[in-house]
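A look at the structure
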Amino acid sequence: MPTLVMKFGGTSVANLDRIARASKRVAREVANGFDVIVIVSAMSGKTNELVGWVSDTSHLYDAREYDAVVSSGENVTAGLMALRLQEMGIPARSWQGWQVPVKTTGVHSAARIEEIPSDNINGKFAEGMKVAVVAGFQGIADDGRITTLGRGGSDTTAVAFAAAFEAERCDIYTDVDGVYTTDPRISDKARKLDKIAFEEMLELASLGAKVLQTRSVELAMRYKVKLRVLSSFEEYDPEAGTLVCDEEEIMEQNAVSGVAYQRDEAKMTLISVADRPGIATAIFTPLAEAGVNVDMIVQNISEEGRTDMTFSCPVDQVARAEKAMQEAKNKGDINFHDIVADTDVAKVSIVGIGMRSQTGIAAKMFDVLSKEGINIKVITTSEIKISVLIDRKYMELAVQALHDAFELEKA
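Residues numbered from 1 in each chain as written. Predicted model: local features only at pLDDT ≥ 70, side-chain atom pairs only at ≥ 80, totals over all residues. Heavy atoms only, no water.

Our working definition: UniProt positions are given in the numbering used here, feature names are shortened, and annotations may be inferred rather than shown by experiment.
Looking at an unreviewed UniProt entry, one finds the chain named Aspartokinase and attributed to Aliiroseovarius salicola. In its Catalytic activity (unreviewed entry) section, the UniProt entry covering the chain states "L-aspartate + ATP = 4-phospho-L-aspartate + ADP". Reading the Sequence similarities (unreviewed entry) entry of the UniProt record for the chain gives the comment "Belongs to the aspartokinase family."

Notes on the overall build of the chain
This is how the line gets drawn: Where helices and strands are cited, they refer to DSSP runs of H or I of at least four residues and of E of at least two residues respectively, numbered from the N terminus. Only the C-alpha atoms count toward the radius of gyration. The rule for a globule is 2.2 Å times the residue count to the power 0.38. We call two residues contacting when some pair of their heavy atoms lies within 4.5 Å. Using a 1.4 Å probe, the Shrake-Rupley method yields the accessible areas, and only the shown protein chains count as cover for residues. Only four residue types enter the charge count, namely Lys and Arg as positive and Asp and Glu as negative; His and the chain termini do not. Charge coordinates come from a single atom per side chain, which is NZ of Lys, CZ of Arg, CG of Asp or CD of Glu.
If you tally the helices and strands in the chain, you get twelve helices and 18 strands. Taken over C-alpha atoms, the radius of gyration comes to 23 Å for the chain, in line with the 22 Å a tight globule of 411 residues would show. When contacts within the chain are restricted to residue pairs at least 6 apart in sequence, those whose partners lie at least 24 apart make up 74%. Just so you have it, the chain exposes about 18,900 Å², and 46% of that area is on carbon and sulfur atoms. In the chain, the 45 positive side-chain charges and the 61 negative ones have mean positions that sit 2 Å from each other.

Re the nonpolar core
Heads up, the rule is: For the purposes of this section, nonpolar cores are sets of buried Ala, Val, Leu, Ile, Met, Phe, Trp, Tyr and Cys residues that join through side-chain atoms within 4.5 Å. The cut-offs for exposure are 20% and 50% of the maximum accessible area for each residue type, with area from a 1.4 Å probe on protein chains only; residues under the lower value are buried, those over the upper are exposed, and the others partly exposed.
Of all hydrophobic cores here, the largest spans 40 residues; its most connected members are Val5, Ile121, Val134, Phe161, Cys170 and Met201. Elements represented by at least two residues in this core include exactly β2 (35–40), α5 (119–126), β6 (131–135), α6 (153–164), β9 (169–174), α7 (198–206), α8 (214–223) and β11 (227–231). Once you skip the residues sitting within four places of it in the chain, Met201 turns out to touch Val179, Ile196, Leu212, Val217 and Val244. Phe8, Val38, Met81 and Ala92 belong to the second largest nonpolar core, which has 25 residues in total.

Describing the sheet that holds strand β1 (residues 3–8)
Either a parallel or an antiparallel arrangement is found when strands of a sheet pair, and the pairing is made through backbone hydrogen bonds. Rules: We treat two strands as partners when DSSP finds at least two bridges between them. Working convention: axes come from line fits to C-alpha atoms, limited for helices to the stretch in contact. Angles between N-to-C directions cover 0 to 180 degrees.
The strand order across the open sheet built from eight strands is β3-β6-β2-β1-β9-β11-β12-β10, with neighbouring strands paired in mixed fashion. Of all strands in the sheet, those bounded by a partner on one side alone are β3 (92–95) and β10 (195–197). When strand polarity is set aside, the average angle formed by the axes of neighbouring strands in this sheet is 20°. Pairing geometry for β2 and β6, over five bridges, is parallel. Within β6, the residue paired with Val38 across the bridge is Val133. On top of the sheet, α7 reaches β10 and β12 (242–245); it is set at about 85° to β10, its chief contact.

Some details on the pairing of β6
Counting buried residues in β6 gives five out of five residues, a clear majority hidden from the surface. By the alternation rule, side chains of β6 split into Val131, Val133 and Ala135 and Ala132 and Val134, which are all buried. Where β3 and β6 come together, four bridges link them in parallel fashion. Bridging across to β6, Arg93 finds its partner in Ala132.

So, the side chain of Thr380
You can see Thr380 is positioned in strand β17 (residues 378–382). Residue contacts for Thr380: discarding those within four places in its chain leaves Met296, Ile297, Lys385, Ile386 and Ser387.

Here we look at unusual backbone geometry
Following Val100, the chain continues to Pro101 via a peptide bond in cis, the omega torsion being -5°. Mapped onto the fold, Pro101 is located in the loop between β3 and β4 (103–104). Positive phi outside glycine occurs at Lys224, with the angle close to 55°. Checked against the element boundaries, Lys224 lands in the loop between α8 and β11. For Lys224, a relative accessible area of 52% corresponds to the exposed category. The phi dihedral of Glu304 falls on the positive side, at around 55°, and the residue is not glycine.

Quick word on the UniProt feature "domain: ACT" (unreviewed entry) in the chain
Listed under "domain: ACT" (unreviewed entry) in the UniProt record, and renumbered for this structure, are residues 268–353. Here residues 268–353 is 29% helix and 38% strand, with 30 Å between the C-alpha atoms at its ends.

A word on the domain arrangement of the chain
We apply this condition: Domain extents, as shown, originate in an automatic or database domain assignment.
The domain boundaries assigned to the chain delineate domain 1 (3–175) and domain 2 (259–405). Distance between the C-alpha centres of domain 1 and domain 2: 38 Å.

Focus on helix α4 (residues 72–87)
Stated formally: A helix is expected to span 1.5 Å multiplied by its residue count minus one. Within this analysis, the arc is defined by the directions that extend from the helix axis to the C-beta atoms.
Here α4 spans 23 Å end to end across 16 residues, near enough to the 22 Å set by a 1.5 Å rise per residue. Among the residues making up α4, those that are buried are Gly73, Glu74, Thr77, Ala78, Met81, Ala82 and Leu85. Buried residues of α4, seen end-on, are gathered within an arc of 160° and therefore sit on one face of the element. Directly after α4, the chain includes Gly89, whose backbone phi takes a positive value near 85°.

Topic: α6
Note that an α-helix has 3.6 residues per turn; residues three or four places apart therefore point the same way. Across its twelve residues, α6 extends 16 Å between first and last C-alpha, which sits within 8% of the 16 Å expected from 1.5 Å per residue. Burial within α6 is extensive, with ten of its twelve residues counted as buried. Residues Gly153, Ser154, Asp155, Thr156, Thr157, Ala158, Val159, Ala160, Phe161 and Ala162 constitute the buried set of α6. Of the residues trailing α6, Glu166 is marked for its positive phi of about 50°.

Printed below as a string of structure tokens:
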């Protein structure tokens, strides 16, 4: 039998009624002739509750016990869905990560999947099991301890299973009905895309689109796993949702496919840094070691051997970045006059594989923002992306203006 992977997020399994609804979708795919691997998240809100229990119990907690506690939410969902499917007359059983086994690195709360042997589940399929309900987000390290994959890890689990079992497709069921040209809460002209290329989805995910976890898209692109994003709350439609696929499968390639944004950004500038070989390493190594997620980087023109270095990072990492820079200065690794943080900025980006072959996209973007009176603080580009840092108060205006200018409401 061909294999299909179906993943249900927390809102899709938030209570027994929703688990029953999701089970009906699984039953339909069994009737269509698939052996089904279902990846489930914890019920909505349960992971936060478990994390809270850990924090309330132990301030400096053992990360191994954290994983043991937090992974239990998915185990409950998997067992309940298996029971529901059995009540419907479908041969199903639940699987925890260690039973598969999902082999991971030993980095607790941020493990990475290394291998998913298919023998155990395929053996049960051969014996007549039709559905394997697998607890997402979790695995097992070489030392036998339970690990978790980090927030959004169930998406990664689903794609990894689809790759390991050479599944026909991986369907991600969530609370939205697909991938949109931008956030529908900001622009009422946002349009659902029928198809989007892996590279575009990866950029959108990394730029703030919350539909899919970034690591899951990376895996899908690497192993050519077809992803379909669907809503758990819409009526069944085999053509619904958005298909994330190879660029070659998309007939028409628009210059821009989507507008993404990240609201809580900060711009930090080191004033008057020595302009010498190795200065970038001296700055960004301490930031990396401090866990600061640096994004956009701009170095100004040098004057008399001194320069300014600007970078962006999440606003909640500003204090960490300031501390790392001050410590590096105190050690004598770097010397700067001052560090200035602007915590009231946002990043707005346009993404599209059509940028590779069409000119004038950047000029048009900058012209649109200029006509709206929006000043650009920092610019970065890649082959299929242009990002700008602007004042946060103009973020929604910029998203709407760019969506209109590139006519993304049109198919």
